[in-house]
Amino acid sequence: MSKVMVVTSGKGGVGKTTSSASLGAALAQAGKTVVVVDFDVGLRNLDLVMGAERRVVYDLVNVVQGDAKLPQALIRDKRIETLSLLPASQTRDKDALTEEGVGRVIDDLREKFDWIVCDSPAGIDKGATLAMRFADLAVVVTNPEVSSVRDSDRIIGMLDSKTRRAERGEKVEKHLLLTRYDAARAARGDMMKVEDVLEILAIPLLGIIAESPDVLTASNLGCPITLHNPASPAARAYDEAARRLLGETIAITAPMERRGLMSRLFGRKAVVA
Amino acid sequence: MSFLSFFTRSRSAPVARDRLQLLLAHERALGGGADLAAVLQKEILAVISRHIAIDHDKVVVKLDRGERVSTLEIDIEMPEPTFARH
């Protein structure tokens, strides 16, 4: 039974695309067949983050409108055999998508893949509502920062009212992925802690991705971090999050505060200076 | 940051948490529906304008969402004494 998972947030720039690529890659590395679908029509970037930008011929809009067949538009990852990408159109806008057309594409993808990861655009307009429309479960990507938490709360409300499952009286499983977390700042009281965000949003925690230069390096190279640098803390956190999605029970370890020699010797002063 | 403020600096994360909790309690109650303040303003003004000619540019509406009590303050400048008689 295939699963449709939307990666969403409301706010832009919190790490939806990075998380879609990383979770998609990790699920594929765990042996599942996975397609990651870019719903950000007009501002596609998943192709770039996944290193397939030079191979895009057809896109989601072409398939929705019947101008291309689904297999023509799917791009198979060169490194992970079971991972595919369905890119968004760069020249159209979100109005080119219809609910009926997206529903048909999702149904076709369900025949071919174990996991369909829908990378939502920011906002709460048509692109975002269509990305979540057919989801069985949702990963809500949130930064420990007031505007991101507020927008996530709004998106959680929409997942509970605007999805097809919600309209049928069924539940959309929701998971919180806390990204760009800085343990040192949280320890100093300058950033909301994991518990603060969990208490406010009240959905289960899927994982914590620490703020890390490794994440930027991976997208610079167009290679999902779980593949490029599997030993890095961010890659391990994504890998564990993916395995939790597959039903494994793995305790969540909060990122550790990494303190240099100066801050060890002089405490907080060195951090501020 | 001055030398003194470094030692007396209060932490911002608890403030962020408390502000969010308060705000979201209100936003969830609204359920993404119409803005309550706007609806109240419109209906209250409609009632008043049945009796008084109001200049809508001279109406000030303030909303303060508190933890226990929220207040909606509507300040209407009364025109010169020309009360309509019914």
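Trainee: Quick rundown of the sheet that holds strand E6 (residues 137-142) of chain A? Include the residues and the values.
Mentor: Residues and elements named next belong to chain A. If you walk across this open sheet you meet the 8 strands as E3-E4-E2-E5-E1-E6-E7-E8, and the pairing is mixed. The strands lining the two open edges of the sheet, one partner per strand, are strand E3 (75-76) and strand E8 (205-210). Across the face of the sheet, helix H1 (residues 16-29) comes into contact with strand E1 (3-8), strand E2 (34-38), strand E4 (83-86), strand E5 (115-119), E6 and strand E7 (173-181) while running at roughly 170° to E5. Strands E1, E2, E4 and E5 of the sheet are contacted by helix H5 (residues 99-112), whose axis makes an angle of about 145° with E5.

Trainee: Any details on the environment of Ile203 of chain A? Residues and values, ideally.
Mentor: Residue and element names in this part refer to chain A. With respect to the secondary-structure elements, Ile203 resides in the loop between helix H10 (194-201) and E8. Assessed through its relative accessible area of 7%, Ile203 is described here as buried. Placed 50 residues apart in sequence, Ile203 and Asp153 show a C-alpha to C-alpha distance of 9.9 Å. When sequence neighbours within four positions are dropped, the list of residues in contact with Ile203 reads Val140, Ile156, Lys174, His175, Leu176 and Leu198.

Trainee: Any chance you could break down the pairing of E6 of chain A for me, citing the residues and the numbers?
Mentor: Residue and element names in this part refer to chain A. Among the 6 residues that make up E6, 6 are buried, leaving the element largely enclosed by the rest of the structure. The alternating pattern of E6 places Leu137, Val139 and Val141 on one face and Ala138, Val140 and Thr142 on the opposite face, and all of these are buried. As paired strands, E6 and E7 are joined by 6 bridges and run parallel to one another. Opposite Ala138, over in E7, you have Lys174 as the bridge partner.

Trainee: Run through the pattern of salt bridges, naming residues and quoting values.
Mentor: All names here are of chain A. On inspection of all chains with the given rule, the structure shows 20 salt bridges over all chains. Its salt-bridge partner being Asp239, residue Arg243 comes within 3.2 Å of it at the nearest N-O pair. Of this pair, Arg243 and Asp239 both sit in helix H13 (residues 233-245), 4 residues apart, which is roughly one turn of the helix. A residue is classified by how much of its surface remains accessible, and Arg243, at 27% relative accessible area, is partly exposed.

The rules we used
- Residues numbered from 1 in each chain as written.
- Chains lettered and ligands numbered in written order.
- Predicted model: local features only at pLDDT ≥ 70, side-chain atom pairs only at ≥ 80, totals over all residues.
- Heavy atoms only, no water.
- Pairing = 2+ DSSP bridges.
- Helix = DSSP H or I, 4+ residues; strand = E, 2+ residues; numbered from the N terminus.
- Contact = heavy atoms within 4.5 Å.
- Axes fitted to C-alpha atoms, helices over the stretch in contact; angles between N-to-C directions.
- Buried < 20%, exposed > 50% of the residue type's maximum accessible area, 1.4 Å probe, protein only.
- Salt bridge = Lys/Arg side-chain N within 4 Å of Asp/Glu carboxyl O.

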